[in-house]
Structures are given as C-alpha cells and as structure tokens.
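Structural features, examined
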Amino acid sequence: MPVTRGFGSGRRRGRPERLPPGQYDTGRDWPVLTAEAQPDLDPEHCTMTVDGLVDRPRTWSWRDLHALPGSSYFGDIHCVTTWSMIDTTFAGVSVDTLLELAAPKREAAYVMAHSTTGYTTNLPLADITGGKAWIAWEYDGRPLAAEHGGPLRLLVPHLYFWKSAKWVARLELMSDDRPGFWEQNGYHDRGDPWLEQRYQGDP
Ligand SMILES: Nc1nc2c(c(=O)[nH]1)N[C@H]1C(S)=C(S)[C@@H](COP(=O)(O)O)O[C@H]1N2
Ligand SMILES: [Mo]
C-alpha cells in the first residue's frame, strides 16, 4: 500500500521544530476528545457519502470502501488543546480516491465533513486533496477504536485534529465556506497548527 509521510515530518525528525508552536508530545497516551455522545456503530452497516457539488454523488458501503485501493498515513497529529502524537500510523482510503469517483464540480471549493452524530467541520477542498486526507478505519494495524472515531473517521493530519471528524459519514462539497461545529464556537476555519490558527481571528 502506498504510504504518505506527513508533511515535513521526515525533515523535522528528532529536532525540536518537529512540534508545532505551543504543542507538547503526549507520547503513546492518546487522549479522547468527544463533544457529543459516542455512537455505537456497526461497521457492516456504516456508509460513506460524497455529495453536494459533484457530478456523481456516491455512497460506499464498508465492503465498497475496502475494495478500493488502500492508502496509509505515517506521521504526526496535533490537537488544538496542545497535545501532539508523533509517528502515528493510520490506514484506510485516500479522500482523493473518493473524489475522483464523485467528480467535484468546478465551483466546489470547500467541504463540510458530517459525522453520523451531527458533528460537522468545514475545510477548504484543497486541504483534503493531493494526498493530504484519508477516510481511516485502522490505527496501528488494528481496527480504529470506537472512542477514536471507528468504524470510519476523517483524517486530515496537517490541520488541527478537530478537522478530523470521528464517525464520519459524509463529505459535502460546497462553493462557499460555512462554519462547522467548533468553528461556530470560535475555532479557526482552517486550523493550520504551524501557523497556530487556533481561533477565529488568528492569522
Ligand atoms: N464527531 C466528532 N469528531 C471529532 C470530535 C468530536 O467531538 N466529535 N472532536 C475533534 C477533536 S477536538 C479532536 S482533538 C479529535 C480527537 O480525536 P481523538 O478523540 O481520537 O483523540 O477529534 C475531532 N473529531
Ligand atoms: Mo481537539
């Protein structure tokens, strides 16, 4: 399976600048941050939809997703509450693969990720294309735990981790940006950890 290394993580390996400003290394102690009640989802019945401004809106079953070419991420993740985890390994499918099949329309420029629970988060389309985002169902070679978003979570590791919607079920392509759950509550619309885009009004 193709493995994409996190942006810059190789270059920064073992050096202090490996961590974005204001972040600490949580080691292997992966915190759980869930705003809503954790859903109890059966992988066999979970689906992933790409719709909105696309030529071919599509829904993939669990089985359909596994039949697609797999893709993994090896690198770091960064939560806005200041923990980072170094050298994580996730596997699933690249968002590029789903978007190629759904065929975004020319006017699509943003995406809203929707979880089965109603949690939402907005992203520029450019931040989930070009090998930067995954629909992940494995962590460290094992099925992704329910508290970490299993069966399926969005993974956008180059942005703060609130963009990586747990229990993701839908990517809605949009022409205009619209704030998701945390973004309506003051978090930044983009959330680049290297630029410390934590809150609305940050650069
Ligand atoms: N559905 C859903 N997705 C979510 C969240 C949430 O509360 N609900 N929290 C976000 C935040 S703030 C972070 S830091 C990460 C936490 O993921 P983890 O619990 O696996 O560490 O999930 C993100 N995705
Ligand atoms: Mo977070």
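Residues numbered from 1 in each chain as written. Chains lettered and ligands numbered in written order. Predicted model: local features only at pLDDT ≥ 70, side-chain atom pairs only at ≥ 80, totals over all residues. Heavy atoms only, no water.

Quick notes on the overall build of the chain
Each helix and strand counted, the chain has four helices and twelve strands in total. Computed over the C-alpha atoms, the radius of gyration of the chain is 16 Å, within 12% of the 17 Å expected from 2.2 N^0.38 for a compact globule of 203 residues. The principal-axis extent of the C-alpha atoms belonging to the chain is close to 45 × 40 × 35 Å. Every one of the 203 residues in the chain was classed for burial, and the buried ones make up 52%. A separation of at least 24 residues holds for 69% of the contacts in the chain among residues at least 6 apart in sequence. Here the chain displays about 9300 Å² of accessible surface, and carbon together with sulfur accounts for 51% of that area. The centroid of the 21 positive side-chain charges in the chain is displaced by 5 Å from the centroid of its 27 negative side-chain charges. (Helix = DSSP H or I, 4+ residues; strand = E, 2+ residues; numbered from the N terminus. Rg over C-alpha atoms; globule rule 2.2 N^0.38 Å. Buried < 20%, exposed > 50% of the residue type's maximum accessible area, 1.4 Å probe, protein only. Contact = heavy atoms within 4.5 Å. Areas by Shrake-Rupley, 256 points an atom, 1.4 Å probe, with all protein chains shown as cover. Lys, Arg positive; Asp, Glu negative; His and termini not counted. Charge placed at Lys NZ, Arg CZ, Asp CG, Glu CD.)

Re the site of ligand 1
The immediate surroundings of ligand 1 are formed by 20 residues, with Pro-31, Ala-35, His-148, Arg-153 and Lys-166 found nearest. Measuring from an oxygen atom of ligand 1, one finds a backbone N or O atom of Leu-33 at 2.9 Å. About the coverage of ligand 1: the protein hides 98% of its 530 Å² of free accessible area. Residue composition of the shell around ligand 1, grouped by class: twelve nonpolar, four polar and four charged. (Near = heavy atom within 4 Å. Polar contact = N/O pair within 3.5 Å; in protein donor to acceptor, adjacent residues only side chain to side chain. Nonpolar A, V, L, I, M, F, W, Y, C, P; charged D, E, K, R; others polar.)

Brief notes about the packing of aromatic side chains
For the structure shown, the criterion picks out twelve aromatic pairs. Note on Tyr-73 and Trp-134: the rings are 5.2 Å apart at their centroids and 50 degrees apart in plane angle, and the pair reads as tilted. With Tyr-73 in strand S5 (residues 71–78) and Trp-134 in strand S9 (residues 134–139), this residue pair connects regions lying 61 residues apart in the sequence. In terms of burial, Tyr-73 and Trp-134 fall into one category: buried. Taken together, the ring pairs in this structure connect Tyr-119, Tyr-160, Trp-162, Phe-181, Trp-182, Tyr-187 and Tyr-199 into an aromatic cluster. (Phe/Tyr/Trp six-rings, centres within 6.5 Å; stacked < 30°, edge-to-face > 60°.)

What about the sheet that holds strand S3 (residues 47–52)?
Sheets are built from strands that pair by backbone hydrogen bonding, the pairs being arranged parallel or antiparallel. Here five strands make up an open sheet; going across it, the order is S4-S3-S12-S7-S8 and the pairing mixed. Lying at the two open borders of the sheet, with one neighbouring strand each, are strand S4 (58–61) and strand S8 (120–124). On average, each strand axis in the sheet is tilted by 15 degrees relative to the strand beside it, whichever way the strands run. In this sheet, strand S12 (residues 168–174) lies alongside S3 in parallel orientation, the contact comprising four bridges. Paired with Val-50 across the two strands is Leu-171, which belongs to S12. (Pairing = 2+ DSSP bridges. Axes fitted to C-alpha atoms, helices over the stretch in contact; angles between N-to-C directions.)

Section: the pairing of strand S7 (residues 110–115)
In terms of burial, S7 is largely enclosed, as five of its six residues are buried. Where S7 and S8 come together, five bridges link them in antiparallel fashion. The residue of S8 that forms the bridge with Ala-113 is Thr-121. Taken together, S7 and the strand that follows it, S8, pair antiparallel across an intervening segment of four residues, in which Gly-118 is found at a positive phi of about 100 degrees. Across six bridges, S7 lies against S12 in antiparallel orientation. In the sheet register, Met-112 faces S12, and the bridge partner there is Glu-172.

What about the pattern of salt bridges?
Evaluated as defined, the whole model comprises ten salt bridges. Taking the shortest distance from any N to any O, the salt bridge between Arg-190 and Asp-192 comes out at 3.6 Å. Classification of Arg-190 as partly exposed rests on a relative accessible area of 27%. Look at the salt bridges and you will find they share partners, linking Asp-51, Arg-170, Glu-172 and Arg-178 into a network. (Salt bridge = Lys/Arg side-chain N within 4 Å of Asp/Glu carboxyl O.)

Brief notes about unusual backbone geometry
Omega for the peptide link from Gly-150 to Pro-151 comes to 10 degrees, which places this bond in the cis form. Secondary-structure assignment places Pro-151 in the loop between strand S10 (142–143) and strand S11 (153–155). In this model, Thr-82 sits at a positive phi of 90 degrees, which is unusual for a non-glycine residue. Summarising the element assignment, Thr-82 is placed in the loop between S5 and strand S6 (83–94).

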